[in-house]
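Inside the fold
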Amino acid sequence: MKEIINVIEREAALKKENLDRQIDCLDHGFVRLVDFMGSDSSIVQAARVSYGKGTTSKRRDKALIRYLLRQRHTSPFEQVEFKFHCKIPIFCARQWVRHRTASLNEYSGRYSEMPNECYIPELERLQIQDTVNKQGSVGEQVEEAAWIKGTMQEEQTMLFANYDSYLKTGLSKEVARLNLPLSTYTQWYWKMDLHNLFHFLGLRMHPHAQLEMQEYAKAIYELIKPIVPLSCEAFEDYRLNARYFSAQEMELIRSFVNGNQPDVDCMIRNSGLNEQEQKEFNNKINI
Ligand SMILES: Cc1cc2nc3c(=O)[nH]c(=O)nc-3n(C[C@H](O)[C@H](O)[C@H](O)COP(=O)(O)OP(=O)(O)OC[C@H]3O[C@@H](n4cnc5c(N)ncnc54)[C@H](O)[C@@H]3O)c2cc1C
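Thresholds applied
- Residues numbered from 1 in each chain as written.
- Predicted model: local features only at pLDDT ≥ 70, side-chain atom pairs only at ≥ 80, totals over all residues.
- Heavy atoms only, no water.
- Salt bridge = Lys/Arg side-chain N within 4 Å of Asp/Glu carboxyl O.
- Helix = DSSP H or I, 4+ residues; strand = E, 2+ residues; numbered from the N terminus.
- Buried < 20%, exposed > 50% of the residue type's maximum accessible area, 1.4 Å probe, protein only.
- Pairing = 2+ DSSP bridges.
- Axes fitted to C-alpha atoms, helices over the stretch in contact; angles between N-to-C directions.
- Contact = heavy atoms within 4.5 Å.
- Core = buried A, V, L, I, M, F, W, Y, C linked by side-chain atoms within 4.5 Å.
- Phe/Tyr/Trp six-rings, centres within 6.5 Å; stacked < 30°, edge-to-face > 60°.
- Lys NZ or Arg CZ within 6 Å of the ring centre and 35° of its normal.
- Near = heavy atom within 4 Å.
- Polar contact = N/O pair within 3.5 Å; in protein donor to acceptor, adjacent residues only side chain to side chain.
- Areas by Shrake-Rupley, 256 points an atom, 1.4 Å probe, with all protein chains shown as cover.
- Nonpolar A, V, L, I, M, F, W, Y, C, P; charged D, E, K, R; others polar.

Opposite charge on two side chains allows them to pair when their charged atoms are near. Scanning the entire structure with this criterion turns up 14 salt bridges. Note that K284 is salt-bridged to E249, the shortest N-O span being 2.8 Å. With K284 in helix 12 (residues 275-284) and E249 in helix 10 (residues 247-258), the pair connects residues that are 35 residues apart, well separated along the chain. Overall, K284 belongs to the partly exposed group, its relative accessible area being 25%. Through salt bridges with shared partners, a single ionic network connects K62, R66, E233 and D237.

Laid out in structure tokens, this is it:
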């Protein structure tokens, strides 16, 4: 009983410090922590039910959380839930909504008028097409960046002016909105447990995710970190900054360690990994 009261008291203190914290994203967006249930203590508490024990010292709690995450014993992390209010451009929402393990309620453009707010990237974000990561952007802004930004702004103004004109004719909102751009901001309440949130963050904080999505994912991470610091530390060590190696890659690493073959480049070339795999391996071990 005492242990349960301790967990509840700790969570109440965390709520006081963290509820309603908001981080602004992009030009008009934000992520705000609306509510949460649980903390590092709830993970430990749930895990120890398996052994018939409660929380013990902070050092042992930390070791247990790290063990659970390392061993992918993930269900205790589902005991913690976070609810966010997010304001995001629709193109981000389309990527975000692919994460099916969330519960969400979105602003309805059928019921309410869409506010005239669109995302306009900064000039330096108007970069060239990446030819390696074919979904990405890379390097400097394109020469015509200023023209592109101006034209995007004009298009957004025109599309919203037309939207207003359509509404004035009596056209329904659900049809009037059809030509609004992907840059239009939407809002939702989004709730997810910590196990699935780590999966989401691992994918969306990754440099391969679209930069705008990375900004939102990093904001979410900043909001949850003070509430589950031990879990976040383990997440960074065993997921975010960890790498996964195939059987063939492990074979190579064993040879490196054993010093069987001094010429590393030659060894990778003759490893049987295809060209793409070799590049990925080099990236993973930072050659
Ligand atoms: C950098 C990047 C680029 C991407 N590019 C594209 C793209 O070009 N086109 C595109 O369509 N998508 C793309 N995606 C989306 C991607 O394919 C996934 O849909 C998205 O990342 C969600 O991952 P998830 O399904 O693991 O997550 P969640 O939906 O949150 O699911 C979490 C886990 O639950 C399980 N799960 C959930 N639902 C099911 C189910 N119905 N059946 C079986 N298992 C389930 C799976 O184990 C899954 O990993 C991209 C994602 C990233 C990060």
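Right, picking up where we left off after that structure.
On to the sheet that holds strand 7 (residues 185-193), then. An order of 1-2-3-7-4 is seen for the five strands of this open sheet, with the pairing classed as antiparallel. Each of the sheet's edge strands pairs with one partner strand only, and the pair in question is strand 1 (22-25) and strand 4 (103-106). Averaged over all adjacent pairs, the angle separating strand axes in this sheet is 20°, with direction ignored. As paired elements, strand 3 (residues 81-89) and strand 7 share nine bridges and run antiparallel to each other. Opposite F84, over in strand 7, you have W190 as the bridge partner. Each of strand 3 and strand 7 is contacted by helix 7 (residues 194-204), which is oriented at about 130° to strand 7, the strand it contacts most.

In terms of nonpolar packing, the biggest core is built from 49 residues, with F82, F84, W190, L201 and I224 touching the most fellow members. Per-element accounting of this core gives the leading share, eight residues, to helix 8 (residues 211-224). If near-sequence neighbours (up to four positions away) are discounted, L201 is found in contact with H206, A217, I220, Y221, I224 and F235.

On to the packing of aromatic side chains. Across all of its chains, the model carries 15 aromatic pairs by this definition. Considering the side-chain rings of Y221 and F235, the 5.7 Å spacing of their centres and the 55° angle between planes classify their relative orientation as tilted. Taken together, the residues span a long stretch of sequence, with Y221 in helix 8 and F235 in helix 9 (residues 229-240) at a distance of 14 residues. Lying across the ring of F36, K15 places its NZ or CZ 5.3 Å from the centre. Here the guanidinium or amino end of K87 rests over the ring plane of Y185, the centre of that ring lying 5.5 Å away.

Take the site of the ligand next. As a matter of local geometry, the ligand sits amid R98, H99, R100, T101, Q135, H199, L203, R204 and H208. R100 places a polar main-chain atom, nitrogen or oxygen, 2.6 Å from an oxygen atom of the ligand. Taking Q135, its side chain carries an N or O atom lying 2.8 Å from an oxygen atom of the ligand. Isolated, the ligand exposes 940 Å² of accessible area, and the fraction of that covered by the protein chains is 49%. When its residues are assigned to classes, the shell around the ligand shows one nonpolar, five polar and three charged.

Before going further, it helps to examine the side chain of E212. Position of E212 relative to the elements: it lies in helix 8. Exposure remark for E212: the relative accessible area of 5% places this residue in the buried category. At 2.8 Å, the side chain of E212 and the side chain of R125 are in polar contact. If sequence neighbours within four positions are ignored, E212 has contacts with L26, F91, C92, Y119 and R125.

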